[in-house]
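The chain contents come next:
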Amino acid sequence: MRLNQILLGILSSPASGYDIKVFFGENPFWHAELSQVYPALKRLEGLGFLSSCLVPSTTGPDRKVYQLTDAGR
């Protein structure tokens, strides 16, 4: 399975890049480095499969949260 499809599956509910990092860290079946994940998220957003928004964080900088668009579903 390719990283793009895995990310679209993970994003069945909105998530930040950090949330995705945690998913890959806890999942024994798939592995991806953040250096792969963030460019893939940007590419999927550019293709119209994802949208993103900044969400304020109480513990640091705002988080960029990704969610599927109709095209991504």
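The following paragraphs examine the structure supplied in this document.

The rules behind the values
- Residues numbered from 1 in each chain as written.
- Predicted model: local features only at pLDDT ≥ 70, side-chain atom pairs only at ≥ 80, totals over all residues.
- Heavy atoms only, no water.
- Axes fitted to C-alpha atoms, helices over the stretch in contact; angles between N-to-C directions.
- Helix = DSSP H or I, 4+ residues; strand = E, 2+ residues; numbered from the N terminus.
- Parallel < 35°, antiparallel > 145°, perpendicular 65-115°, else oblique.
- Left-handed = near helix turned anticlockwise from the far one by under 90°.
- Contact = heavy atoms within 4.5 Å.
- Nonpolar A, V, L, I, M, F, W, Y, C, P; charged D, E, K, R; others polar.
- Buried < 20%, exposed > 50% of the residue type's maximum accessible area, 1.4 Å probe, protein only.
- Arc of directions from axis to C-beta.
- Pairing = 2+ DSSP bridges.

What about the packing of helix α2 (residues 17-26) against helix α3 (residues 34-46)?
Relative to each other, α2 and α3 sit at 135°, their axes nearing to 11 Å. Comparing the axis directions of α2 and α3 gives the class oblique. The handedness of the crossing between α2 and α3 is right-handed. Across the interface between the two elements, Gly17, Tyr18, Ile20, Lys21 and Phe24 of α2 pack against Leu34, Val37, Tyr38 and Leu41 of α3. Within the contact of α2 with α3, the residues separate by chemical class into seven nonpolar, one polar and one charged.

Regarding α2
Turning to α2, its buried residues are Gly17, Ile20 and Phe24. Mapping the buried residues of α2 onto a view down its axis gives an arc of 60°, with all of them on the same face. Turned more than 90 degrees away from the buried face of α2 sit Tyr18, Gly25 and Glu26, all of them exposed. Where α2 is buried, its residues contact α1 (3-10), β1 (15-16), α3 and β3 (63-68).

Observations regarding the side chain of Ser16
Tracing the sequence through the fold places Ser16 in strand β1. Residue class for Ser16 comes out buried when judged on its relative accessible area of 3%. Apart from the residues lying within four places of it in its own chain, the contact partners of Ser16 are Arg63, Lys64 and Val65.

Observations concerning the sheet that holds strand β2 (residues 50-55)
One open sheet accounts for three strands, arranged β1-β3-β2; its pairing is antiparallel. Looking at which strands have only one partner, the edges of the open sheet turn out to be β1 and β2. The sheet contacts of α3 involve β2 and β3, and relative to β2 the element is tilted by about 115°.

By themselves, these observations are geometric and do not establish any function.
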